[in-house]
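# Structural overview for review
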Amino acid sequence: MADLSGNWLGTYWQDDIPSRFEATFVQSGNTFSGSILDDNYLGEAQVNGEVIGRTVSFTKRYLVTSPVPVRYTGMVSENEDYMQGEWNIGLQYSGVWSARRSGENLIVDIQTRLEQQTPLTMT
């Protein structure tokens, strides 16, 4: 099962117009939750979803601007640093989306891995 915990930067397209977003997810088992901040008038949303293998699905609900939930489905890459798929709002609106782990999260991951390595000892 893919691990989505961390920070993501992505884009979704509606009517061929891209909208950027930042997401932060916290995963426990095969479920995750978090928040997304769209770089447009829609603003912040809460997210709840699940991961089964490399298949991801989640629902995004905006806090203020829109009461209608947005459903996302997609696939996570094997190295778990990229995902893409489709989104829809009922039968009326749909498009594609993609997201990549943000650089900040990768730096933290590298630091954690370095700290876990056994230090060399001089004899």
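Look a little higher up for the structure.
To keep things clear, this report deals only with the structure shown in the data block. (Residues numbered from 1 in each chain as written. Predicted model: local features only at pLDDT ≥ 70, side-chain atom pairs only at ≥ 80, totals over all residues. Heavy atoms only, no water.)

This part is about the sheet that holds strand S8 (residues 93-101). Across a sheet, paired strands are connected by hydrogen bonds in the backbone, their directions being either parallel or antiparallel. If you walk around this closed barrel you meet the eight strands as S1-S2-S3-S4-S5-S6-S7-S8, and the pairing is antiparallel. Taken pair by pair, the neighbouring strands of this sheet meet at an average axis angle of 30 degrees, ignoring direction. (Pairing = 2+ DSSP bridges. Helix = DSSP H or I, 4+ residues; strand = E, 2+ residues; numbered from the N terminus. Axes fitted to C-alpha atoms, helices over the stretch in contact; angles between N-to-C directions.)

Let us now look at the pattern of salt bridges. A complete count under the given rule lists one salt bridge for this structure. One salt bridge connects Asp-38 with Lys-60, and the closest N-O pair in it is separated by 3.5 Å. On the criterion of sequence distance, the pair formed by Asp-38 in strand S3 (residues 31-38) and Lys-60 in strand S5 (residues 55-62) is long-range, its members being 22 residues apart. Judged by relative accessible area, Asp-38 falls into the buried class, the value being 4%. The class of Lys-60 is buried, set by a relative accessible area of 0%. (Salt bridge = Lys/Arg side-chain N within 4 Å of Asp/Glu carboxyl O. Buried < 20%, exposed > 50% of the residue type's maximum accessible area, 1.4 Å probe, protein only.)

The subject of this paragraph is the nonpolar core. Across soluble globular proteins, nonpolar side chains show a tendency to be buried alongside one another. The biggest cluster of nonpolar side chains holds 23 residues, and the ones touching the most others in it are Leu-4, Phe-25, Val-56, Met-83 and Trp-97. With residues near it in sequence (within four places) discarded, Met-83 still touches Leu-4, Trp-8, Phe-25, Val-56, Met-75, Val-76, Trp-97, Ser-98 and Ala-99. (Core = buried A, V, L, I, M, F, W, Y, C linked by side-chain atoms within 4.5 Å. Contact = heavy atoms within 4.5 Å.)

Before going further, it helps to examine the packing of aromatic side chains. Overall, the coordinates contain eight aromatic pairs when judged by the stated rule. Ring geometry for Phe-32 against Phe-58: centres 5.9 Å apart, planes inclined by 70 degrees, an arrangement best described as edge-to-face. Note that Phe-32 is positioned in strand S3 and Phe-58 in strand S5, a separation of 26 residues in sequence. Accessibility assignment for this pair places Phe-32 and Phe-58 in one class, buried. One aromatic cluster is present, formed by Phe-25, Phe-32, Phe-58, Tyr-72 and Trp-97 through successive ring pairs. (Phe/Tyr/Trp six-rings, centres within 6.5 Å; stacked < 30°, edge-to-face > 60°.)

One can find Arg-101 in strand S8. For the buried Arg-101, no salt bridge is present, and the opposite-charge side chain at shortest range is Glu-80, 4.5 Å distant. A polar side-chain atom of Arg-101 sits 2.4 Å from the main-chain carbonyl oxygen of Asp-3. Among the polar contacts listed, one links the side chain of Arg-101 to the backbone oxygen of Ser-5, at a separation of 2.8 Å. (Lys, Arg positive; Asp, Glu negative; His and termini not counted. Polar contact = N/O pair within 3.5 Å; in protein donor to acceptor, adjacent residues only side chain to side chain.)

For the rest of this paragraph, the subject is unusual backbone geometry. The phi angle at Asp-15 is positive, at roughly 55 degrees, despite the residue not being glycine. Relative to the assigned elements, Asp-15 resides in the loop between strand S1 (6-14) and strand S2 (17-28). We note that Asp-16 has phi near 65 degrees; this positive angle belongs to a residue other than glycine. Position of Asp-16 among the secondary structure elements: in the loop between S1 and S2.

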